[in-house]
Amino acid sequence: MSNVTKIQEGAAVLQQVDVSDIFTSLAMGIADAQKKLDDNSIAQITKLANTTLGDKSLLELGFAPAFYSFTYADISANIHLKMKMKDEFALSVQVDATYNSGKQGKDNYKNVEKEKAFNSEKSSFKSSRKFLMKSSTKNAVVINDNHYKLDESIGIVSRIDEFHSKIIQSQDVERLNYSVLQEFVTRYTPPLPADFRILKITDYSGNDVDKDVTGNATGEITIGSSDFLSVYSASGGDYGFSGQLIYGSTVSPKDLEFHFGFDKRILNFNYAQGTIDNAGKDAEFEALASILREDDTASIVIKGYTDSSGADAYNINLSKDRCEAMRDYLVAQGARATQIQIEPKGETLARANSGPDDTKNEVFRKVSITITSGADYIYFNSGLIDATPDTGANYFIINSNSSLEISSSAEDISDYWTEERHGIDYYLDKETQIEFSAYSKTSESINISKEEEEGSVDEVKIAQSESTSQLLSDNSGNSKSDQTVALGLNVDLRMSKQFEMSVEGNSSMSARMVALPPPDGFLKYVDSLTE
């Protein structure tokens, strides 16, 4: 009983340690620095106004003070408070703070969104862990004593996908999200034959279309008052697209969908499970990409779904990744990103149709596509060489054979990993980092370490353990600006046999600052002085 009493006494002492002041000083320090910059700008105004040259002050002569603003800052600290008696009672506190002035540029947007996604996901799991790998690393990541490496013998997209599969299949973690921190460079090579025609239909009340440019009825596609299925069946087209339906060799319409494996976010046209089979869909989606590329008025919406296994927040982000994978695939083939809207739906469809929550079901792991621009399309891969555009409501669109250039330059190809998938060449800089986020619903912690080859550089970085005791708060004070401070707290409790008391810690901060033009009101004031 005496030992229990000592432990309780030690706990009482540690509970008196107020870490809120530490959080406040770390998080608000950057805001205080911004205030000092603003005060400095005001002081410059006074100096310029009081310094004269002839009969005019420097302010009147056009000199203006410098204004600066922090655009983004990262603050991190580790604080360890330890109370050791006969039984050690140790409290470890990890603090993370992020200041955001709301002025960060486009380059930061993606990383900020990923960090927000991670924060929302990890709250639904018992433990989570991040690690970062260079795409060229030969080092292994060790998870619960199992070793995992990126396989250089296969293409870069498949390499990342296989690495993910091995970890998920081993059940060392239940979910593994990842983000490539530098975008892939892509180049699309149209398959042969590249000569095709697209019939666009917006009016079923008439307007038959001359298919062979002879001007006689035998060479026309009769639309009349027919519906799309009748027109498609008689036209001899390869594919028909109407709303969310696609018509193929079987004529019978089916939903325009693409399915994914468990926890997957990379397109795999070879995926098949149960009644699901993506085989042959590459031609369907190449035809859809051709429609988007050749008709700039065409538009679609991509809705992403998951099954009901896993956490809601994780599944929303997973469905978003699946939407973006399909969008990027179509854009790589020449579609415009502005033509494509994405709607991540998470597990909503699965819950509405499959009964109990937390059920794995391949039927719901998919994206579905709907044409939203109001037209129907029939795609002809060959046999209509003479068909020409028309000016009526229904007309042919000719393949422009426009060159599809690489999305960004890859000057020295030796610096890039490459892979050809489904007619698209993917390039990724060998120095690119890949960030992985591992999650578990059952384990108190995820044990991750690294095994480095002799002489190799530090190409794998592992974050400290994180759990659902992480707290986030948004502290913008009374300011009406869009400045925010996000705080993170991770508490860990341990016991052992020692006697001592200590406080240990370290912190670091990095920030970006930009020069700003003087405020409009200030310039108007200066102008008024010279009138």
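This text goes with the structure placed above it.
The rules behind these values
Residues numbered from 1 in each chain as written. Predicted model: local features only at pLDDT ≥ 70, side-chain atom pairs only at ≥ 80, totals over all residues. Heavy atoms only, no water. Helix = DSSP H or I, 4+ residues; strand = E, 2+ residues; numbered from the N terminus. Expected span 1.5 Å × (residues − 1). Buried < 20%, exposed > 50% of the residue type's maximum accessible area, 1.4 Å probe, protein only. Salt bridge = Lys/Arg side-chain N within 4 Å of Asp/Glu carboxyl O. Pairing = 2+ DSSP bridges. Axes fitted to C-alpha atoms, helices over the stretch in contact; angles between N-to-C directions. Contact = heavy atoms within 4.5 Å.

Enquirer: What is the right way to look at helix α4 (residues 156-170) in this model?
Expert: For the α-helix, the turn length of 3.6 residues means that residues three or four positions removed from each other point alike. With 15 residues, α4 ought to run about 21 Å at 1.5 Å a step, and its terminal C-alpha atoms sit 22 Å apart, in line with that. Along α4, the residues that are buried comprise I156, V157, R159, I160, D161, F163, H164, S165, I167 and I168. At the C-terminal side of α4, Q171 shows a positive phi close to 65°.

Enquirer: Can you help me understand the pattern of salt bridges in this one?
Expert: A side chain with one charge may pair with a side chain of the opposite charge, provided their charged atoms come close. Counted under the stated rule, the structure contains 19 salt bridges. Taken together, the shared-partner salt bridges in this structure form one network comprising D312, E347 and R351.

Enquirer: What am I meant to see in the pairing of strand β24 (residues 416-421) here?
Expert: Side chains on a regular strand alternate between the two faces of the sheet. Bridge analysis of β24 against strand β25 (residues 424-429) gives six bridges, and the strand direction is antiparallel. Within β25, the residue paired with R421 across the bridge is I424. Taking the residues that link successive antiparallel strands as the turn, the β24-β25 hairpin has two residues, and the phi of H422 there is positive, at about 55°.

Enquirer: Mind showing me how you'd approach the sheet that holds β24 here?
Expert: Working definition: the strands of a sheet are paired by backbone hydrogen bonds and lie parallel or antiparallel to each other. Strand order in this open sheet of three strands is β9-β25-β24, and the pairing throughout is antiparallel. Two strands in the sheet have a free side with no partner beyond their single neighbour: β9 (185-188) and β24. Sheet twist, expressed as the average angle between the axes of neighbouring strands with direction ignored, equals 20°. Pairing geometry for β9 and β25, over four bridges, is antiparallel. By the bridge assignment, Y188 is partnered in β25 with I424. On top of the sheet, α4 reaches β24 and β25; it is set at about 90° to β24, its chief contact.

Enquirer: Help me understand the pairing of strand β8 (residues 175-180), please; the structure alone is not making it clear to me.
Expert: Counting buried positions along β8 yields six of six residues, so the element is predominantly enclosed. Residues of β8 alternate between two faces, with R175, N177 and S179 on one and L176, Y178 and V180 on the opposite face, all of them buried. Pairing of β8 with strand β26 (residues 433-440) involves six bridges; the strand directions are antiparallel. Across the sheet, residue N177 finds its bridge partner in β26, namely S437.

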